[in-house]
Amino acid sequence: MTSMSLMTVTSEIGAMTQGRAPIRFQNVSRAFGSVVALDDFCLDVKAGEFVTLLGPSGSGKTTALNIVAGFDRATSGEVFIGERAVGALPPERRNVGMVFQSFALFPHMSVFENVAFPLRMRKVAAYEVRARVERTLEMVQLGGYAGRRPGALSGGQRQRVALARAVVAEPPVLLMDESLSALDLKLREDLQEEVRRLHRTLGTTIIFVTHDQGEALVLSDRIALMNHGRLCQLDTPTTLYDRPASRFVADFIGRTNIVPIDAGDHAAAIGLSNAPDGAVALSLRPEKLRRQPPAFGGGFEAIVQDVTFKGAATEFRLQTASGLSLRMSEARATALALPEIGQTVRLNVVPEDATPLYE
Ligand SMILES: Nc1ncnc2c1ncn2[C@@H]1O[C@H](COP(=O)(O)OP(=O)(O)OP(=O)(O)O)[C@@H](O)[C@H]1O
Ligand SMILES: [Mg+2]
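Procedures and definitions
Residues numbered from 1 in each chain as written. Chains lettered and ligands numbered in written order. Predicted model: local features only at pLDDT ≥ 70, side-chain atom pairs only at ≥ 80, totals over all residues. pLDDT = per-residue confidence, 0-100. Helix = DSSP H or I, 4+ residues; strand = E, 2+ residues; numbered from the N terminus. Contact = placed C-beta atoms within 7 Å. Pairing = 2+ DSSP bridges. Axes fitted to C-alpha atoms, helices over the stretch in contact; angles between N-to-C directions. Near = placed C-beta within 6 Å. Nonpolar A, V, L, I, M, F, W, Y, C, P; charged D, E, K, R; others polar. Core = buried A, V, L, I, M, F, W, Y, C linked by C-beta atoms within 7 Å. Buried ≥ 20, exposed ≤ 12 C-beta atoms within 10 Å, placed from the backbone. Domains from an automatic or database assignment.

Asks: What's the story with the confidence of the model for the chain in this structure? I'm lost.
Replies: Of all residues in the chain, 93% attain a pLDDT of 70 or more, and the chain-wide mean is 88. The spread of mean pLDDT over the elements of the chain runs between helix α1 (residues 3-16), the lowest at 36, and strand β1 (residues 23-32), the highest at 98. With pLDDT under 50 throughout, residues 1-17 is counted as low confidence; its partners more than four residues away or in other chains account for nine contacts.

Below is the structure:
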């Protein structure tokens, strides 16, 4: 094929794509007998947005995704893709791409045919199938692998094929359920980058499901944190991390110290007596605690109970005189000598670094 005709094909493909679609969960409930998997769940995902459903096991993430994909039906409420209520549409008419955790590739087909499959189902012309599959394989850095069978690929490469297959028809909506969770850390980070790049290139609306908060922070425009089938907080990764609304959120996103306000005067003992009315606790991130040279006054003392080497950071477990147990994370660039277990250290907290929690 000449480069001229390839360009023509590519622009035809461009014209075929349906862009991006917003997704709306409107008071969606799903009960399995007495188990309420989704409980009056409401969520608006904007067109082209990358939203992650994050939450503990059993919080309803997969159920929510299956209802968008059409593999399951809501007991009540409605899901909209674009302007359209999709509750009554079969999965194949919803125009969504889906990548599962167990990437079910067809083992007897080549990589090329696996990726071509959604286009063949749509009766796309052969020359166009070729152009699109090749372009998509390039996109996931598998240009040279078209002729291989899935059995001759590594786990990460297979996951890339599954990604390519999900996006080759450029669906306006892409759903991903724990798609990277089975991979080792390094590979997962590589593929996270790949997914981000795909999102930037295609502009597709993505709902990504994970129980890994680190992955959610890296990937998402916004994170929808779920618990017991309900939406707990919907915010950008930085807001969710810096301004969690509840103990559950503070504890689920990253690590934190929950400092109770009422019992035992713990907050006042470490210089945090500024909590607003109605707050039940303060969230204090481990990296916000700072050691200071013993010669300095102020701050408060704590006894070192444990020291853990974490590569770029050192983590401490500490106990204050009032009996509060604290976690501290310290960049290894510090000039202070590492304390021994049992030693007393002097610490400092800036009151503004503590976030009030209201439930
Ligand atoms: N087909 C089913 N029949 C009965 N109960 C179900 C069914 N599917 C899901 N559930 C229940 O609904 C709740 C939510 O399940 P769901 O699979 O949506 O959780 P999840 O957030 O995806 O969890 P995980 O992180 O473990 O994948 C769970 O209590 C689960 O046991
Ligand atoms: Mg699940």
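Asks: Is there a simple way to think about the sheet that holds strand β7 (residues 173-177) in this case?
Replies: One open sheet holds the six strands; their spatial order is β6-β7-β8-β3-β9-β10, and the pairing between them is mixed. Of all the strands in the sheet, just β6 (96-99) and β10 (230-235) have a single pairing partner and so form its edges. Neighbour to neighbour, the strand axes of the sheet diverge by 20° on average, direction disregarded. Note: β6 against β7, four bridges, orientation parallel. Across the sheet, M98 pairs through a bridge with L175, a residue of β7. Sheet contacts for helix α5 (residues 155-167): β6 and β7; angle to β6, the most-contacted strand, approximately 170°.

Asks: What's the story with the site of ligand 1 in this structure? I'm lost.
Replies: Around ligand 1, the neighbouring residues are F32, V35, A37, G55, S57, G58, S59, G60, K61, T62, T63 and H211. Residue assignment for the shell around ligand 1 shows that the elements contributing at least two residues are β2 (35-45) and α2 (61-69). Broken down by element, the residue count for the shell around ligand 1 peaks at three residues, all from α2. Here the residues of the shell around ligand 1 sort into three nonpolar, eight polar and one charged.

Asks: Would you mind showing me how to read the nonpolar core here?
Replies: Ranked by internal contacts, the top residues of the largest apolar core, which has 82 residues, are V68, V115, A164, L175, I207 and L225. Looking at this core, the element that brings in the most residues is α5, giving six residues. When we break this core down by domain, the ones giving at least three residues each are domain 1 (3-242) and domain 2 (259-357). Each residue touching L175, except ones within four places of it in the same chain, is listed here: L65, V68, A69, V96, M98 and I207.

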